[in-house]
Amino acid sequence: MIITAVANVIYTLLDVLFVFELPQFPQGIVNVFNTVSTSIDTGIDIFHAFLGNTAMGVIGICLQFVIYANVAYFTISLIFFVLKKIPFLGLGD
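The notes below deal with the structure included here. (Residues numbered from 1 in each chain as written. Predicted model: local features only at pLDDT ≥ 70, side-chain atom pairs only at ≥ 80, totals over all residues. Heavy atoms only, no water.)

Considering the packing of helix 2 (residues 27-51) against helix 3 (residues 53-84)
The angle between the axes and the distance between the axes are what describe a pair of packed helices.
Stage number 1. Packing of helix 2 against helix 3 leaves a shortest axis separation of 7 Å and a crossing angle of 125°. Classed by the angle they form, the pair helix 2 and helix 3 counts as oblique. Contacts between helix 2 and helix 3 involve Ile44, Phe47, His48 and Leu51 from the first element and Asn53, Ala55, Met56 and Ile59 from the second.
Stage number 2. Of the residues belonging to the contact of helix 2 with helix 3, the class tally is 6 nonpolar, 2 polar and no charged. (Axes fitted to C-alpha atoms, helices over the stretch in contact; angles between N-to-C directions. Helix = DSSP H or I, 4+ residues; strand = E, 2+ residues; numbered from the N terminus. Parallel < 35°, antiparallel > 145°, perpendicular 65-115°, else oblique. Contact = heavy atoms within 4.5 Å. Nonpolar A, V, L, I, M, F, W, Y, C, P; charged D, E, K, R; others polar.)

Quick word on the environment of Pro26
Stage number 1. Turning to its location among the elements, Pro26 is positioned in the loop between helix 1 (2-17) and helix 2.
Stage number 2. Measuring from C-alpha to C-alpha, the distance between Pro26 and Asp45 comes to 29 Å, with 19 residues separating the pair along the chain.

By themselves these figures say nothing about function.
What follows is the structure, encoded as structure tokens:
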């Protein structure tokens, strides 16, 4: 569901930005996205049935923490990459 929504937002954004008409997604690709999102939803429901509400909440918080940690790492890496390109700072390797 989320994957389909993101794909639709990207498609709509590209359709608005470009002057020419974008082709429609083939029905096979749409079916694959729908099948994948349905399978992911079913898997999450199965985990939720076995683990319960509290465990699913903890897993969600842990995944959020992992995503935030990766965003912070990427941001710091990008900042240091840019700073290393400035020669007078002396931060080169």
